[in-house]
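A closer look at the structure
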Amino acid sequence: MFPASFGYVAARSVDEALELLAKHGEDGKILAGGHSLIPAMKLRLSSPRTLIDLGTVPGLQGVKIDGGNLVIGALTVHADIASSDLVRKHVPGLADAASVIGDMQVRNRGTIGGSVAHADPGADFPVILTALNASCVVQSAAGNRTIAVDDFFTDFFSTAMNPNEILTEIRLPLPAPSTGTAYAKFPHPASGYVVVSAGALIVRQASGSCATARIAMGGLGSTPIRATGTEQELQGKALTSQNIAAAAAKAAEGTDPVEDSYAGAEYKQHVATVYARKAIEAAVQRAATN
Ligand SMILES: Cc1cc2nc3c(=O)[nH]c(=O)nc-3n(C[C@H](O)[C@H](O)[C@H](O)COP(=O)(O)OP(=O)(O)OC[C@H]3O[C@@H](n4cnc5c(N)ncnc54)[C@H](O)[C@@H]3O)c2cc1C
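Residues numbered from 1 in each chain as written. Predicted model: local features only at pLDDT ≥ 70, side-chain atom pairs only at ≥ 80, totals over all residues. Heavy atoms only, no water.

Concerning the sheet that holds strand β3 (residues 50–53)
The following threshold applies: At least two bridges found by DSSP between two strands are what make those strands a pair. Runs of H or I in DSSP of at least four residues are treated as helices and runs of E of at least two as strands, each being numbered from the N terminus. An axis is simply a line fitted to the C-alpha atoms; with a helix, the fit covers only the stretch in contact. Between two such axes, the angle follows the N-to-C directions and lies from 0 to 180 degrees.
Pairing is parallel across the open sheet formed by three strands, whose spatial order is β1-β3-β2. The open sheet is flanked by β1 (7–10) and β2 (28–31), the only strands paired with a single partner. In this sheet, neighbouring strand axes are inclined to one another by 25 degrees on average, regardless of whether the strands run parallel or antiparallel.

Regarding the pattern of salt bridges
In plain terms, the rule: Salt bridge, as used here, is a side-chain nitrogen of Lys or Arg placed within 4 Å of a carboxyl oxygen of Asp or Glu. For every residue, the accessible area (1.4 Å probe, protein chains only) is compared with the maximum for its type, and the residue is labelled buried under 20%, exposed over 50%, or partly exposed between those bounds.
A full pass over the atoms with the stated rule returns 14 salt bridges. The partner of Glu231 in a salt bridge is Arg226, with the nearest N and O atoms 2.7 Å apart. The salt bridge partner of Lys250 is Glu233, with a shortest N-O separation of 3.4 Å. Highlighted residues: Lys250 in the loop between α11 (241–248) and α12 (265–288) and Glu233 in helix α10 (residues 228–234), separated in sequence by 17 residues. The class for Lys250 is partly exposed, based on a relative accessible area of 28%. In the salt-bridge network here, residues are joined through shared partners; they are Asp150, Arg214, Arg226 and Glu231.

Quick word on the domain arrangement of the protein
To keep things clear, this is the line we draw: Residue ranges for the domains trace back to a domain assignment, done automatically or taken from a database. Here the quantity called buried area is the accessible surface, traced with a 1.4 Å probe, that two parts lose on coming together, added over both.
Domain assignment breaks the protein into domain 1 (7–53), domain 2 (63–173) and domain 3 (179–288). Centre-to-centre separation of domain 2 and domain 3, based on C-alpha positions: 20 Å. Between domain 2 and domain 3, roughly 1,800 Å² of surface is buried when both sides are summed, and carbon and sulfur atoms account for 60% of that area. The largest share of the area that domain 2 buries against domain 3 comes from Asp96, Val127 and Ala131, three residues that together contribute 28% of it. Our count for the contact surface shared by domain 2 and domain 3 stands at four salt bridges. For Arg214, the salt bridge identified is with Asp150, shortest N-O distance 3.2 Å.

Thoughts on helix α1 (residues 14–24)
Definition in use: Any two residues having at least one pair of non-hydrogen atoms within 4.5 Å are treated as being in contact.
Every buried residue of α1 is listed here: Val14, Glu16, Ala17, Leu18, Leu20 and Leu21. Contacts from the buried residues of α1 go to β1, β2, β3, β6 (135–140) and β10 (166–173). Phi turns positive one or two residues past the end of α1, at Gly25, with a value near 55 degrees.

A few points about helix α5 (residues 92–99)
Across the eight residues that make up α5, a large majority, seven, are buried. Burial in α5 covers these residues: Pro92, Gly93, Leu94, Ala95, Asp96, Ala97 and Ala98.

Points about the sheet that holds β10
Here we have five strands laid out as an open sheet, ordered β4-β5-β10-β6-β7, and antiparallel in their pairing. Across the chains shown, the open sheet's two edge strands, defined by having one partner strand only, are β4 (63–66) and β7 (143–148). Averaged over all pairs of adjacent strands, the angle between their axes in this sheet comes to 30 degrees, without regard to strand direction. Inspection of the sheet shows β4 paired to strand β5 (residues 69–73) by four bridges, in the antiparallel sense. By the bridge assignment for β5, Asp66 is matched with Asn69. Running at roughly 130 degrees to β10, α1 makes contact with β6 and β10 of the sheet.

Next up, the structure:
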């Protein structure tokens with residue numbers, strides 16, 4: 001399969017990429033790792049006339065600490081997130097997610113910014129970033145704005161970004177002591193994309209009870225969904241296996257997953273309770289040693 005013919009421009013700065021986006025309008029498209037865009041072009045689901053390569057823009061890669069945040073450049077590839085010492089120390093749940101995306105080739109080319117901007121409902125990062133209460137920083141000719149992750153994903157393959165904006169970084173509040181994070185994924189056996197997944201952030205009190213829980217589910221809707229029933233059930237309770245199981249049983253409450261050729265809606269809802277439990281248990285274990 002071949003894409004329709006297209007032009008290519010290598011941007012040298014975010015400002016230049018923004019100028020090129022303005023110049024080409026609907027005919028221009030940002031290229032990051034190309035691991036979602038190029039397949040879509042080959043299938044003729046997308047036929048941009050000009051690709052504007054962000055991969056040639058310096059300064060958009062890497063993980064660093066800035067004040068109370070962990071900051072990840074939009075062009076950081078999945079493999080670098082999976083192996084980052086900062087990520088593994090502060091938000092190991094994000095490393096869990098990065099390490100189960102696709103295969104080695106995908107993880108070496110695909111970028112966190114591309115994954116988040118693409119907003120595939122079967123993607124891993126949107127789910128764990130929702131659990132981690134991330135913020136997305138986007139830049140346009142008018143300047144920067146920050147969008148909370150809960151407001152960022154709006155529908156299947158849709159985000160709160162405007163067409164004239166570029167995602168430049170993801171910011172994660174550095175978790176307080178006694179916080180654990182984890183991600184658990186039930187992948188489609190053929191594609192490896194999410195059938196159902198769960199991201200968890202648990203803050204544990206010295207007494208062993210739950211101070212805060214943020215639980216996000218993937219595969220149950222067009223965007224990541226906060227499992228608010230599970231979060232409320234955990235709040236203030238002792239983090240015992242029994243209480244975790246009771247809370248995880250609420251992970252699919254109020255959802256209406258799309259039935260597909262691989263899994264029915266009821267099956268996905270059941271699997272969600274199993275994977276929510278796995279993610280919460282792993283996060284609780286990490287919180288106990290943090
Ligand atoms: C075989 C295969 C298996 C995969 N398996 C998984 C999986 O298991 N889990 C998973 O989550 N993903 C999976 N993916 C997708 C992969 O993670 C992609 O790399 C990712 O979704 C897109 O990142 P990219 O850098 O390749 O973006 P691109 O493909 O370059 O771009 C994707 C879209 O985002 C836009 N875009 C990119 N960067 C920006 C930016 N900074 N600002 C604004 N817009 C931007 C582009 O214009 C385009 O519309 C798989 C892909 C392949 C090919």
